[in-house]
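# Coordinates in review
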Amino acid sequence: MTKILRPDAVVIGAGPAGLGAALAAREAGLEEIFLLERDFELGGILPQCIHDGFGSIVFDQVLTGPEYAQRFIDKVERSGIEVFLDTMVLELRSDRSLVAVNSRDGVLRMEPGAVVLAMGCRERTRHQVLIPGYRPAGVICAGAAQRYINIEGLMPGRRVVILGSGDIGLIMARRFTLEGAEVEGVYEIMDHPGGLTRNLVQCLHDFDIPLHLSHTVTFIHGRKRVEAVTVAKVNENRKPIPGTERLVECDTLVLSVGLIPENELSKKAGVVLHPATGGPVVDELMETSVEGIFACGNVVCVFDLVDYVTFTAEVAGRGAAEFVQGRRRWRGEVPVRPGRNVRFVVPQRLRCLDREVELYFRVQRPERSVRVRVLVDGRVVHSRKARMVRPPEMVRASIPAGALNEGVREVVVEVTPDEKEA
Ligand SMILES: Cc1cc2nc3c(=O)[nH]c(=O)nc-3n(C[C@H](O)[C@H](O)[C@H](O)COP(=O)(O)OP(=O)(O)OC[C@H]3O[C@@H](n4cnc5c(N)ncnc54)[C@H](O)[C@@H]3O)c2cc1C
């Protein structure tokens with residue numbers, strides 16, 4: 001029978017979330033920590049992100065993805081954390097027992113004191129956005145195209161149309177251009193861009209790549225290889241407007257149509273997911289609905305900046321240590337509700353009520369000259385001015401230490417017009 005391993009904690013996934021969580025758990029005193037990664041190297045998605053823009057908050061520096069990852073990898077290598085590469089976790093149960101497999105050890109069974117979920121997210125594919133047409137070669141997700149170019153040294157196409165203006169789509173528009181391809185344009189179904197402002201400027205404007213808002217691809221032409229796509233303008237319900245179709249010749253359609261938190265393992269373990277984020281409902285320690293299972297990074301919700309991924313990882317790692325050491329105590333249950341112009345907030349509930357809490361949220365619509373406010377039972381505990389809020393850019397707010405206690409009923413996060421400006 002396979003021997004059962006019983007480390008203090010297992011971290012699943014070794015992207016920036018997993019690396020940060022494992023290190024924080026270690027620093028908080030856990031002895032035996034296993035970091036399980038299905039890829040052949042550490043770093044998650046970061047090794048293929050060779051552009052800069054990472055770490056401006058954590059390190060106050062502008063780093064590339066590999067540079068950012070390396071700072072944590074170096075620490076992990078010195079820390080005594082046991083790393084399992086090429087190791088896929090196949091199953092996780094609600095009692096935290098799990099099964100993993102690799103070619104060196106075969107099947108591994110583990111019963112850790114705590115588990116941290118750090119599996120990141122996956123890309124939405126053509127089948128999830130239902131584009132009619134044939135199934136030729138040349139339809140590719142943006143992250144996969146990035147991997148081909150930056151890791152494998154392969155060029156997926158020469159004449160490119162990009163659907164979706166999220167950050168990955170914008171970065172790939174620039175990357176294809178730098179590699180000598182012609183990027184005909186980026187088409188975005190919404191009436192506002194999906195990516196960060198800095199990426200719009202640096203990846204599209206600086207390279208004269210057109211962005212077509214309120215547009216989508218309605219048909220893919222070509223039997224063996226993409227030959228063209230039909231694009232059309234959409235109405236306010238995002239439906240194509242007849243008569244606005246245009247044929248665009250291309251050999252590659254790059255999809256940047258969203259990311260989905262990778263929660264197949266979480267679901268099997270009975271972890272409750274939130275409908276707006278697609279990730280686990282978590283509290284201020286990033287503990288999920290299943291005791292002793294914590295989560296951080298993009299598995300919880302899609303973060304725009306890696307820095308926030310690292311912050312949630314540190315909280316989850318420390319939380320896992322508190323749990324294993326028997327120090328984690330719940331004092332109540334306080335919901336954190338999205339108020340005016342807020343789509344979702346992470347964490348969604350608070351249970352320890354004894355510390356400062358960092359909140360991350362996205363707005364529903366762009367708005368200028370606003371105030372970001374956090375209210376505890378109607379009392380404002382955080383209020384700050386923001387010049388602009390936009391759905392692609394995550395917003396941070398905090399609840400100060402001492403603002404919570406057992407008697408609190410709810411916390412509300414809201415974005416309101418800044419009255420002094422009006
Ligand atoms: C193209 C692109 C450009 C970006 N640009 C920027 C930028 O300029 N600035 C910035 O701050 N952020 C940027 N980001 C965002 C940033 O990279 C992510 O927020 C961050 O990598 C998420 O970290 P993570 O650890 O949650 O997930 P990931 O990095 O995706 O890591 C998850 C890891 O879990 C592993 N895993 C999953 N399932 C299992 C399993 N069952 N068993 C074992 N291992 C498993 C995966 O193999 C992976 O290594 C970019 C992201 C992309 C994709």
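What counts and how
Residues numbered from 1 in each chain as written. Predicted model: local features only at pLDDT ≥ 70, side-chain atom pairs only at ≥ 80, totals over all residues. Heavy atoms only, no water. Near = heavy atom within 4 Å. Polar contact = N/O pair within 3.5 Å; in protein donor to acceptor, adjacent residues only side chain to side chain. Areas by Shrake-Rupley, 256 points an atom, 1.4 Å probe, with all protein chains shown as cover. Helix = DSSP H or I, 4+ residues; strand = E, 2+ residues; numbered from the N terminus. Buried < 20%, exposed > 50% of the residue type's maximum accessible area, 1.4 Å probe, protein only. Contact = heavy atoms within 4.5 Å. Arc of directions from axis to C-beta. Domains from an automatic or database assignment. Buried area = accessible area lost by both parts, 1.4 Å probe. Salt bridge = Lys/Arg side-chain N within 4 Å of Asp/Glu carboxyl O. Phe/Tyr/Trp six-rings, centres within 6.5 Å; stacked < 30°, edge-to-face > 60°. Disulfide = S-S within 2.5 Å. Pairing = 2+ DSSP bridges. Axes fitted to C-alpha atoms, helices over the stretch in contact; angles between N-to-C directions. Core = buried A, V, L, I, M, F, W, Y, C linked by side-chain atoms within 4.5 Å.

### Some points on the site of the ligand
Neighbouring the ligand are 35 residues; Ala17, Glu37, Gly53, Asn298 and Val306 lie closest to it. In this structure, an oxygen atom belonging to the ligand sits 2.9 Å away from a main-chain N or O atom of Ala17. Between the ligand and Val306, the relevant distance is 2.7 Å, taken from an oxygen atom to a main-chain nitrogen or oxygen of the residue. In isolation the ligand offers 1,000 Å² of accessible surface; the protein chains occlude 93% of this area.

### Comments concerning the environment of Ile4
The topology assignment puts Ile4 in strand E1 (residues 4-5). When its relative accessible area of 28% is taken as the criterion, Ile4 is described as partly exposed. Setting aside anything within four residues of it in sequence, one finds Ile4 in contact with Arg109, Met110 and Glu111.

### A word on helix H6 (residues 197-204)
For an α-helix, 3.6 residues make a turn, and residues three or four places apart therefore share a direction. Among the residues of H6, those classed as buried are Asn199, Leu200, Cys203 and Leu204. Down the axis of H6, the sector holding all buried residues measures 105°, keeping them to one side. Looking at the buried side of H6, the elements it contacts are helix H5 (167-178), strand E14 (182-188) and strand E15 (211-213).

### Details of the side chain of Arg328
Tracing the chain through its elements places Arg328 in the loop between helix H8 (306-324) and strand E22 (334-338). A polar side-chain atom of Arg328 sits 2.8 Å from a polar atom in the side chain of Glu287. A polar contact of 3.0 Å, which involves the side chain of Arg328, links it to the side chain of Glu291. Contact partners of Arg328, with chain neighbours within four places excluded, come to Leu285, Glu287, Glu291, Glu322 and Phe323.

### What to know about the domain arrangement of the chain
We note that the domain assignment places domain 1 (1-122 + 259-328), domain 2 (125-257) and domain 3 (330-422) within the chain. Taking the mean C-alpha position of each, domain 1 and domain 2 sit 32 Å from one another. Taken together, the contact pairs 12 residues of domain 1 with 12 residues of domain 2. Ranking the residues of domain 1 by area buried against domain 2 places Gln48, Ile50 and His51 at the top, with a combined share of 48%.

### Observations concerning the pattern of salt bridges
Counted under the stated rule, the structure contains 26 salt bridges. Linking Lys268 and Glu91 is a salt bridge whose minimum nitrogen-to-oxygen distance equals 3.6 Å. Taken together, the residues Lys268 in helix H7 (residues 264-268) and Glu91 in strand E7 (residues 88-92) connect sequence positions 177 residues apart. Judged by its relative accessible area of 59%, Lys268 is exposed. Residue Glu333 pairs with Arg349 through a salt bridge whose shortest N-O separation is 3.0 Å. Here Glu333 is found in the loop between H8 and E22, whereas its partner Arg349 is found in strand E24 (residues 349-350), with 16 residues between them in sequence. Under the relative-accessibility criterion, Arg349 is labelled buried at 14%.

### Some thoughts on the packing of aromatic side chains
On inspection of all chains with the given rule, the structure shows 8 aromatic pairs. Look at Phe303 and Tyr360: their rings are 5.6 Å apart centre to centre, the planes differ by 85°, and that puts the pair in the edge-to-face class. Of this pair, Phe303 sits in the loop between strand E21 (293-295) and H8 while Tyr360 sits in strand E25 (residues 357-362), placing them 57 residues apart in sequence. Classification of Phe303 by relative accessible area gives buried; the value is 6%. Judged by relative accessible area, which is 4%, Tyr360 ranks as buried. Aromatic side chains Tyr308 and Tyr360 sit 5.3 Å apart centroid to centroid with 55° between the ring planes, which places their arrangement in the tilted category. Note that Tyr308 is positioned in helix H8 and Tyr360 in strand E25, a separation of 52 residues in sequence.

### Focus: the state of the cysteines
This model, assessed by the stated rule, comprises 0 disulfides. Of all cysteine sulfurs in the structure, the one in Cys121 sits closest to Cys141, which takes part in no disulfide; the separation is 12 Å. Just so you know, Cys301 is unpaired, no disulfide at all, and the nearest cysteine sulfur is the one on Cys121, 9.5 Å from it.

### Focus: the sheet that holds strand E16 (residues 215-221)
In spatial order, the strands read E16-E17-E18; together these 3 strands make up an open sheet with antiparallel pairing. Each of the sheet's edge strands pairs with one partner strand only, and the pair in question is E16 and strand E18 (246-249). Taken over all neighbouring pairs, the strand axes of this sheet differ in orientation by 30° on average, direction set aside. Here 4 bridges tie strand E17 (residues 228-233) to E18, and the two strands are oriented antiparallel to one another. Residue pairing in the sheet places Val231 in a bridge with Arg246 of E18.

### What to know about the nonpolar core
One finds Ile12, Leu35, Leu36, Leu98 and Leu117 to be the most contacted residues of the largest nonpolar core, which totals 70 residues. When residues of this core are assigned to domains, at least three map to each of domain 1 (1-122 + 259-328) and domain 3 (330-422). Contacts of Leu98, omitting those with residues within four sequence positions, involve Val10, Ile12, Leu36, Val89, Glu91, Leu92, Leu108, Arg109, Met110, Pro112 and Val115. One finds Val374, Val381, Ala386 and Val411 within the second-largest nonpolar core, a separate group that totals 26 residues.

### Quick word on the side chain of Glu414
Residue placement: Glu414 occurs in strand E29 (residues 411-417). Owing to a relative accessible area of 14%, Glu414 belongs among the buried residues under this scheme. Within polar-contact distance, the side chain of Glu414 engages the side chain of Arg373 at 2.8 Å. When residues no more than four places from it in sequence are discounted, the contact partners of Glu414 are Gly339, Arg340, Val342, Arg371, Val372, Arg373 and Leu375.

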